[in-house]
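One-letter residues, chain by chain:
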Amino acid sequence: MLKLKKIFRLKINFMENKFSYEEIELWICDKFSEELKINSDDIEINKPFSEYGLDSVFIVQMSGDLEDFLGLKINPTTLFEYYTIEKLATHFSNLKNNL
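> I'd love a proper account of the environment of Leu79, names of residues and values included.
Within the secondary structure, Leu79 is located in helix α4 (residues 78-81). According to the relative accessible area criterion, Leu79 is buried, its value standing at 1%. As for Leu79 and Met62, which are separated by 17 residues in sequence, their C-alpha atoms are 8.7 Å apart. Among residues more than four places away in sequence, those in contact with Leu79 are Phe49, Ile59, Met62, Ser63, Ile74 and Leu88.

If you want it as structure tokens, here you go:
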């Protein structure tokens with residue numbers, strides 16, 4: 001039930017085009033969880049993407065998915081600049097909420 005509430009809140013925020021750090025982090029963790037086929041609770045938000053063994057194809061694809069989710073144009077190199085989930089979520093929550 002809690003996850004359903006989070007998903008509903010994300011849909012509302014998508015329409016309003018504002019997201020908290022926690023919502024962005026949750027979305028990224030879910031994407032990693034799907035790709036790595038592990039529980040999202042096992043994902044370390046301070047671990048560099050490269051340590052997960054994710055390839056550049058996934059990173060570029062994820063940047064496109066993140067564009068759709070946030071409603072922003074994102075350069076794929078951004079995911080290399082902000083190379084952990086924590087750094088990426090912080091960057092986009094600050095950017096998004098200051099527009």
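Right, picking up where we left off after that structure.
> Describe the pattern of salt bridges, with residues and values.
The tally for this structure, following the rule as stated, stands at two salt bridges. For the salt bridge of Lys31 with Asp65, the shortest nitrogen-to-oxygen distance reads 3.3 Å. Placement of the pair is Lys31 in helix α2 (residues 21-36) and Asp65 in helix α3 (residues 56-70), with a sequence separation of 34 residues. Linking Lys73 and Glu67 is a salt bridge whose minimum nitrogen-to-oxygen distance equals 3.5 Å.

> Break down unusual backbone geometry for me, citing the residues and quoting the values.
Residues other than glycine seldom take positive phi values, yet Lys37 does so here, at roughly 55°. In this structure, Lys37 sits in the loop between α2 and α3. Residue classification places Lys37 among the exposed positions, given a relative accessible area of 73%.

> Can you tell me about the packing of aromatic side chains, naming the residues and giving the values?
What characterises a pair of aromatic rings is the spacing of the ring centres plus the angle enclosed by the ring planes. Inspection of the entire model under this criterion finds five aromatic pairs. Both rings, one in Phe32 and one in Tyr52, keep their centres 5.7 Å apart while their planes meet at 85°; by these two values the pair is edge-to-face. Of the two residues, Phe32 sits in helix α2 while Tyr52 sits in the loop between α2 and α3, which places them 20 residues apart along the sequence. Each ring, one from Phe32 and one from Phe58, has its centre 5.8 Å from the other, and the planes form 80°; the classification is edge-to-face. Residue Phe32 is found in helix α2, and its partner Phe58 is found in helix α3; the two are separated by 26 residues along the sequence. Here the two residues Phe32 and Phe58 agree in accessibility, since each one is buried.

> Help me get a handle on a negative patch on the surface, residues and values and all.
Taken together, the side chains of Asp41, Asp42, Glu44 and Glu51 define an acidic patch exposed on the protein surface. Taking the relative accessible area as the measure of exposure, Asp41 reaches 67% and is therefore exposed.

> Run through α2, naming residues and quoting values.
With 16 residues, α2 extends 22 Å from end C-alpha to end C-alpha; this agrees with the ideal 22 Å at 1.5 Å per step. Taken as a whole, α2 has its buried residues at Glu23, Ile24, Glu25, Trp27, Ile28, Cys29, Asp30, Phe32 and Ser33. The positive-phi residue at the C-terminal boundary of α2 is Lys37, with phi of around 55°.

Criteria and cut-off values
- Residues numbered from 1 in each chain as written.
- Predicted model: local features only at pLDDT ≥ 70, side-chain atom pairs only at ≥ 80, totals over all residues.
- Heavy atoms only, no water.
- Helix = DSSP H or I, 4+ residues; strand = E, 2+ residues; numbered from the N terminus.
- Buried < 20%, exposed > 50% of the residue type's maximum accessible area, 1.4 Å probe, protein only.
- Contact = heavy atoms within 4.5 Å.
- Salt bridge = Lys/Arg side-chain N within 4 Å of Asp/Glu carboxyl O.
- Phe/Tyr/Trp six-rings, centres within 6.5 Å; stacked < 30°, edge-to-face > 60°.
- Patch = residues over 30% accessible without salt bridge, like charges linked within 9 Å, V, L, I, M, F, W, Y side chains within 5 Å.
- Areas by Shrake-Rupley, 256 points an atom, 1.4 Å probe, with all protein chains shown as cover.
- Lys, Arg positive; Asp, Glu negative; His and termini not counted.
- Charge placed at Lys NZ, Arg CZ, Asp CG, Glu CD.
- Expected span 1.5 Å × (residues − 1).

Everything listed here is a matter of geometry and, on its own, says nothing about what the molecule does.
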